[in-house]
Amino acid sequence: MAIRTDIEPQREDLKYHAVKVGFMALGRALQSASHFENEVIAEASAWNEGFTFSMDVKHTGPSLVMQKQGRILKFLGNEKCSNADLIVEIQDLETAFKMITTQAGAHHVFAENKISVIGNIPDSMRLIRLIYIIEGYLFPKFLNKNILKRSPVMTLQKQFNRLHILTKGMLFGK
Amino acid sequence: MTIPRYYEFQNPVKINAGEDALRTLPAELKRLQAARPAVITDKGVSNAGLLDHVLNGFKNSDITIGLVFDETPSDSSVTVVNRIADLFIENNCDSIIAVGGGSAIDTAKAVNIVVSENEKDLRKFVGADRLSARPKPLIVVPTTAGTGSEVTLVAVISDTEKGVKLPFTSRLLLPSVAVLDPKMTISLPPRLTATTGMDALTHAVEAYTCLQKNPMSDAFAWSAISLISNNLEKAVSSGQDTSARFAMANASLMAGVAFSNSMVGAVHAIGHACGAVAHVHHGNAMAILLPYVMKFNLDTIGHLYAELLLPLAGAEIYANTKPTLRARKFIEEVLLLNYRLSKLCAMPVKLNQAGVKRADFKKIAEMAVNDGAMLPNPKDLSESDVLSILNEAY
């Protein structure tokens, strides 16, 4: 094998964009649910106005940044926010990809030491619960079994919520 | 045994264990290129004469103890940590020796953060993996057998201004050396021996059964349970039994290695909240809650509890119990152990005996679901689940 130097790291553009789109979907769904979903409203009520959280993929990965504005959790985009009140860092793009494609739940990623938290632990627990609630709406039960410790009971009201989130919510965040 | 698709394990702490292990302190400090340690301990340790044992370990050496601080309170705070850090710098110390239980050890770890990061405000480092500076050499001499802090990467310090507990976790908090000397735990009173021992048992059980479990931490947890089963009651009933004391010190350390690499679960999450709201002693909260949380988790991880019946109850009971009943038998054995310990030293076995009031339940449940230890618990717990467990344990 020849001697090689200055080997630049390769990029996985497809995975990068898949994670970015996944984060966007999660952000819009969460924003939408914060208008009317009782559990989301209750969890978000613990945060003060302006509370900002960022879920980042370390190094060159995308982010999911959201802020509490009034009663609503507003999706702010995919750019890293270094001064957020809570930063949850996913160790690498591969892990984030597994999360958004329902191959791994937040607790699995935590168990593999592939997630770290900068900020208050109760806030991070609240954020994880919010993600679980939204994932319960976004994915069907057979996929949720892979990523949630407890699949939600889909009452008629929750079925309506799901329809709302997957249509109006995903398109407009309303 | 199922091996996870990925896991991490680290235990770089050198362990010096056995008779006269304290005599190795000067050599260890030399190896770590330190010459002027600060000793951080508490009044209980110095009044019991245990500090003298440590200082005697330096006889005929060329190490000067730069500072002895024996005013660490049982619930250490940011103020105490900052005060010790100032004294550390004023006295040109270059290393730390922590002598005591969880509070003294956690305080020493937090002092190490302040002096190594060269930063006045400890609060800046709250959370996971926030440290970057190379820490000062830290040697830990535990005087209780339960916390396992001598081999863990965690420190918890109270912020008395805000009334909250601040957790710090980082691989950089791991001590350089843990020194287990049998004479250091001999004076531990029976009830404290029992509750700290049950804390160690809980570390081992949760490490073996929670989501971050791995083959390395399993091995440590398994051995810890076996040692606890054979020695805890002896250490409680005959405090001067150095062999039982030493076995418990080893068990506590092994359980510490296990949970430092696989985390704890819902017993700790609810126990932390019981401590914060109703001031229940941590080890006692663990002893009370462990069987009831296991009952809750039974349908999810019963097969793992069934395995643990062997190290806890021994080969005969294990073999004579039907495989389908072993998990329940394990829980029953833990309950029986609690009752036997209660008989020996009046250890509370129900929350009402430990001073918890039903009026505290809602606050405890709210806090518990926001505790980081809930995440690795294999079964999801809502506030109402926690309330059911509290009611059962009351």
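Residues numbered from 1 in each chain as written. Chains lettered and ligands numbered in written order. Predicted model: local features only at pLDDT ≥ 70, side-chain atom pairs only at ≥ 80, totals over all residues.

**Some points on the overall build of chain A**
Now for step 1: When you go through chain A residue by residue, the secondary structure sums to 7 helices and 5 strands.
Now for step 2: Along its sequence from the N terminus, chain A presents helices and strands in the succession α-α-β-β-β-β-α-α-β-α-α-α.
Now for step 3: Relative to the 2.2 N^0.38 estimate, which gives 16 Å for 174 residues, the radius of gyration of chain A is 17 Å and therefore close to what a compact globule would have.
Now for step 4: Taking the principal axes of the C-alpha coordinates as reference, chain A spans close to 65 × 35 × 30 Å.
Now for step 5: Here chain A holds 174 residues, and the buried ones make up 43% of them.
Now for step 6: Long-range pairs, those at least 24 residues apart, make up 69% of the contacts in chain A between residues at least 6 apart in sequence. (Helix = DSSP H or I, 4+ residues; strand = E, 2+ residues; numbered from the N terminus. Rg over C-alpha atoms; globule rule 2.2 N^0.38 Å. Buried ≥ 20, exposed ≤ 12 C-beta atoms within 10 Å, placed from the backbone. Contact = placed C-beta atoms within 7 Å.)

**Description of the overall build of chain B**
Now for step 1: A count of helical and extended segments in chain B gives 14 helices and 9 strands.
Now for step 2: Relative to the compact-globule value of 21 Å for 394 residues, chain B shows a C-alpha radius of gyration of 20 Å, a close match.
Now for step 3: Judged by the C-alpha coordinates and their principal axes, chain B covers about 60 × 45 × 45 Å.
Now for step 4: In chain B, which comprises 394 residues, the share counted as buried stands at 56%.
Now for step 5: Contacts spanning at least 24 positions in sequence make up 79% of the contacts within chain B whose residues lie at least 6 apart.

**With respect to helix α14 (residues 383–393) of chain B**
Residue and element names in this part refer to chain B.
Now for step 1: The complete set of buried residues in α14 reads Val 386, Ile 389, Leu 390 and Ala 393. Looking straight down α14, one finds its buried side chains confined to an arc of 100°; they lie on one side. The exposed set on the far side of α14, more than 90 degrees from its buried face, consists of Ser 384 and Asn 391.
Now for step 2: On its buried face, α14 sits against α9 (266–278), α10 (282–313) and α13 (361–369). (Arc of directions from axis to C-beta.)

**Section: the interface of chain B and chain A**
Now for step 1: With 18 residues of chain B at the contact, the number on the chain A side is 16 residues.
Now for step 2: When its residues are assigned to classes, the side of chain B that touches chain A shows 9 nonpolar, 4 polar and 5 charged. (Nonpolar A, V, L, I, M, F, W, Y, C, P; charged D, E, K, R; others polar.)

**A look at the environment of His 108 of chain A**
Now for step 1: Positionally, His 108 of chain A belongs in helix α4 (residues 106–111).
Now for step 2: The spatial distance from the C-alpha of His 108 of chain A to the C-alpha of Asn 146 of chain A is 9.6 Å, given a sequence separation of 38 residues.

**Remarks on the domain arrangement of chain B**
Residues and elements named next belong to chain B.
Now for step 1: Domain parsing of chain B yields domain 1 (14–184) and domain 2 (190–393).
Now for step 2: If you average the C-alpha positions of domain 1 and of domain 2, the two centres end up 27 Å apart.
Now for step 3: Taken together, the 18 residues of domain 1 in the interface contact 23 residues of domain 2.
Now for step 4: Those elements that provide at least two residues to the side of domain 1 that touches domain 2 are β1 (14–17), β8 (164–169) and β9 (177–180).
Now for step 5: Residues of the side of domain 1 that touches domain 2, tallied by class, amount to 10 nonpolar, 6 polar and 2 charged. (Domains from an automatic or database assignment.)

**Digging into the pairing of strand β2 (residues 63–69) of chain A**
Residues and elements named next belong to chain A.
Now for step 1: Taking burial as the measure, the 7 residues of β2 include 6 buried ones, the bulk of the element.
Now for step 2: For strand β1 (residues 52–57) and β2, the ladder comprises 5 bridges, and the chain directions are antiparallel. Among the inter-strand pairings, Ser 54 is bridged to a residue of β2, identified as Val 65.
Now for step 3: Looking at chain direction, β2 and strand β3 (residues 72–77) are connected through 5 bridges and run antiparallel. Within the sheet, the bridge partner assigned to Lys 68 lies in β3 and is Leu 73. (Pairing = 2+ DSSP bridges.)

**With respect to the sheet that holds strand β5 (residues 127–128) of chain B**
All names here are of chain B.
Now for step 1: Strand order in the open sheet made by the 3 strands is β5-β8-β7, with mixed pairing throughout. Each of the sheet's edge strands pairs with one partner strand only, and the pair in question is β5 and β7 (154–159).
Now for step 2: Sheet analysis places β5 next to β8, joined by 2 bridges and oriented parallel. Each residue of the ladder has a partner; that of Ala 128, found in β8, is Thr 169.

**With respect to the packing of α10 of chain B against α14 of chain B**
All names here are of chain B.
Now for step 1: Where α10 contacts α14, the two axes come as close as 9 Å, and the packing angle between them is 130°. By the angle between their directions, the pair α10 and α14 is classed as oblique. In this structure, the crossing between α10 and α14 has a hand that is right-handed. From α10, Ile 288, Leu 289, Tyr 292, Val 293 and Phe 296 reach across to α14, where they touch Asp 385, Ile 389, Glu 392 and Ala 393.
Now for step 2: Here the contact of α10 with α14 is composed, by residue class, of 7 nonpolar, no polar and 2 charged. (Axes fitted to C-alpha atoms, helices over the stretch in contact; angles between N-to-C directions. Parallel < 35°, antiparallel > 145°, perpendicular 65-115°, else oblique. Left-handed = near helix turned anticlockwise from the far one by under 90°.)

**Observations regarding the nonpolar core**
Residue and element names in this part refer to chain B.
Now for step 1: Ranked by internal contacts, the top residues of the largest apolar core, which has 185 residues, are Ala 98, Val 111, Ala 204, Ala 224 and Ile 270.
Now for step 2: Counting residues per element, this core draws most heavily on α10, at 18 residues.
Now for step 3: Inspection of this core shows a minimum of three residues originating in each of domain 1 (14–184) and domain 2 (190–393).
Now for step 4: Excluding residues that lie within four positions of it along the chain, Ala 224 makes contacts with Ala 200, Ala 204, Ala 251, Met 254, Ala 255 and Ala 258. (Core = buried A, V, L, I, M, F, W, Y, C linked by C-beta atoms within 7 Å.)

**Concerning the packing of helix α7 (residues 215–237) of chain B against helix α8 (residues 242–262) of chain B**
Residues and elements named next belong to chain B.
Now for step 1: Relative to each other, α7 and α8 sit at 150°, their axes nearing to 8 Å. The angle between α7 and α8 places the two elements in the roughly antiparallel class. Between α7 and α8 the crossing geometry is left-handed.
Now for step 2: Considered class by class, the residues forming the contact of α7 with α8 number 16 nonpolar, 7 polar and 2 charged.

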